Amino acid sequence: MNFRNIFKTAFGLCLAAGMLLSFQSCNDDDVDGAPMISNVRLLDPTKADSSLNAAEPGSLIVIQGQNLGSVMKVYFNDFEATFNAALGSNSNVIVTIPANAPTKAVDPAVSNKIRVQTKGGEATYDFVLSAPTPVLSGLYSEFVKPGGNLIIGGDYFYNIKSVKVGTTDLQIVNSSVKQITVKMPATAVSDVITVEGEFGTVKTSYKVNGTEGNLVNFDIPATSWGSEVCWGAAPIVPATDPAAISGKFSRIKQTKLPATGYADAWVFSTCSFDFKLAAGPASERQFKFEHNIAEPWKAGKYDITITAGGTEFNYSFQPWNSTEYAATGYQTNGWRTAVIELSEFKNAAGGSILDASKITDLKVLFNTPDVAIASFNGSVDNFRIVKK
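Residues numbered from 1 in each chain as written. Predicted model: local features only at pLDDT ≥ 70, side-chain atom pairs only at ≥ 80, totals over all residues. Heavy atoms only, no water.

Visitor: So what exactly am I meant to see when it comes to the overall build of the protein here?
Guide: Scanning the protein from N- to C-terminus turns up one helix and 27 strands. Counting every position in the protein, which comprises 388 residues, the buried fraction comes to 43%. In the protein, the share of contacts with a sequence separation of at least 24, taken over all contacts with a separation of at least 6, comes to 70%. Total accessible area computed for the protein in this model is approximately 19,500 Å², and 53% of it derives from carbon and sulfur atoms. Charge-centre separation for the protein: the mean point of 32 positive side chains lies 1 Å from the mean point of 36 negative side chains. (Helix = DSSP H or I, 4+ residues; strand = E, 2+ residues; numbered from the N terminus. Buried < 20%, exposed > 50% of the residue type's maximum accessible area, 1.4 Å probe, protein only. Contact = heavy atoms within 4.5 Å. Areas by Shrake-Rupley, 256 points an atom, 1.4 Å probe, with all protein chains shown as cover. Lys, Arg positive; Asp, Glu negative; His and termini not counted. Charge placed at Lys NZ, Arg CZ, Asp CG, Glu CD.)

Visitor: Just to check I follow, could you spell out the side chain of aspartate 361 for this structure?
Guide: Here aspartate 361 is to be found in strand 26 (residues 359-367). Of the buried charged residues, aspartate 361 lacks a salt bridge, with lysine 363 as the closest side chain of opposite charge at 9.9 Å. Only 3.1 Å separates the side chain of aspartate 361 from the side chain of threonine 270, close enough to count as a polar contact. Contacts of aspartate 361, omitting those with residues within four sequence positions, involve Thr270, Cys271, Ser272, Phe273, Phe275, Thr305, Ile306 and Thr307. (Salt bridge = Lys/Arg side-chain N within 4 Å of Asp/Glu carboxyl O. Polar contact = N/O pair within 3.5 Å; in protein donor to acceptor, adjacent residues only side chain to side chain.)

Visitor: In this structure, what is going on with the state of the cysteines? I would like to understand it.
Guide: Taken as a whole and judged by the stated rule, the model has one disulfide. Here cysteine 230 pairs with cysteine 271 through a disulfide, and the sulfurs are 2.0 Å apart. Of note, the bridge from cysteine 230 to cysteine 271 carries an S-S torsion of about -85° and is left-handed in sense. Pair noted here: cysteine 230 is in the loop between strand 18 (214-216) and strand 19 (236-237) and cysteine 271 is in the loop between strand 21 (267-269) and strand 22 (285-293), with a separation of 41 residues, a long-range link. The partly exposed category is assigned to cysteine 230, whose relative accessible area is 23%. Under the relative-accessibility criterion, cysteine 271 is labelled partly exposed at 32%. (Disulfide = S-S within 2.5 Å.)

Visitor: Quick question: what am I supposed to make of the packing of aromatic side chains here?
Guide: Aromatic ring pairs are described here by two measures, namely the spacing of the ring centres and the angle between the planes. Considering all chains together, one arrives at 21 aromatic pairs under this definition. Seen in terms of ring centroids, tyrosine 315 and phenylalanine 345 are 5.5 Å apart; in terms of plane orientation they differ by 35°. Their pairing is tilted. Of this pair, tyrosine 315 sits in strand 24 (residues 311-317) while phenylalanine 345 sits in the loop between strand 25 (336-341) and strand 26, placing them 30 residues apart in sequence. When the ring centre of tyrosine 75 is taken as reference, the NZ or CZ atom of arginine 115 above it lies at 4.1 Å. Residue placement shows lysine 288 over the ring face of tyrosine 206; its charged tip is 3.8 Å from the ring centre. (Phe/Tyr/Trp six-rings, centres within 6.5 Å; stacked < 30°, edge-to-face > 60°. Lys NZ or Arg CZ within 6 Å of the ring centre and 35° of its normal.)

Below, the structure is given as structure tokens:
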């Protein structure tokens with residue numbers, strides 16, 4: 001190789017090295033320059049054009065801006081988030097807002113900012129972590145005496161402003177994120193319950209102390225001749241009994257219960273009665289009743305039979321038969337509402353009720369077919385079928 005070729009080769013290598021260094025220098029400037037956040041949006045491509053200034057913890061978002069390629073840490077209200085830097089770019093950081101990141105609901109002093117740290121510095125962006133709207137999962141008992149405590153279950157009960165029955169404000173006895181206890185008015189009332197918090201309002205779809213969809217409540221006659229039920233000798237306890245929740249009820253309070261599939265003293269039933277229920281499939285309805293199990297219950301069951309269109313549909317209520325109550329037995333804290341999907345009632349072929357308006361009979365039978373029971377103290381009331 002002559003000198004001219006050696007010179008040309010060396011010059012080419014130097015030029016290439018210079019270009020590489022120049023490119024690397026530019027790239028480093030891009031990556032390590034001062035970061036800047038210009039926008040935040042959802043990752044969902046159908047909402048990619050939307051700009052956010054608030055989102056709930058758990059949301060998957062894209063932080064947009066400049067010089068974000070060397071991102072090292074991302075914070076929401078000073079709570080560090082985990083992320084995969086390989087999914088980002090110099091102009092985007094994809095990150096899930098941590099589910100445990102603090103919101104104003106739990107800490108009024110939060111910064112309301114996103115903070116991003118890169119090799120080139122730090123950038124902040126005004127951004128509010130909003131708490132989810134309240135969720136109401138149900139009332140411990142949908143029937144409460146005047147002046148009694150109503151227990152509301154759910155989630156995200158942050159900064160509760162008021163709880164109402166109808167338009168009447170209720171006294172809040174205590175409140176947590178998942179449960180609120182309020183005192184009912186001194187006079188009887190039946191209306192929806194509304195919970196208003198800083199981050200939203202939620203209300204029941206039904207009335208507390210309501211009689212919608214009543215089948216048997218031992219106060220409204222369930223026969224054409226005016227009696228509470230058609231047949232069965234299960235005791236009906238007067239409304240004056242201290243344990244009553246909303247008038248008369250049925251109670252089995254007995255020791256040494258024999259192992260039997262049927263006892264007339266443990267059953268009550270209607271006979272071809274028009275309950276005037278609204279038409280609709282079982283999937284749109286729930287079967288509810290109140291029960292008060294005063295001592296641990298570990299055996300036996302309530303067999304509940306509904307007749308619709310001349311066909312019987314059955315459900316066995318035995319809440320003790322679960323891992324939760326295997327050791328202690330099932331016991332309620334006073335009256336509690338049982339909520340059963342009407343579609344859980346099945347006929348012999350495994351079918352569900354096609355039309356709720358065709359329901360003509362209800363039979364409730366407590367029985368102990370498998371084992372004798374030393375003692376049982378259980379009460380039931382307010383059997384009804386309502387829309388979800």
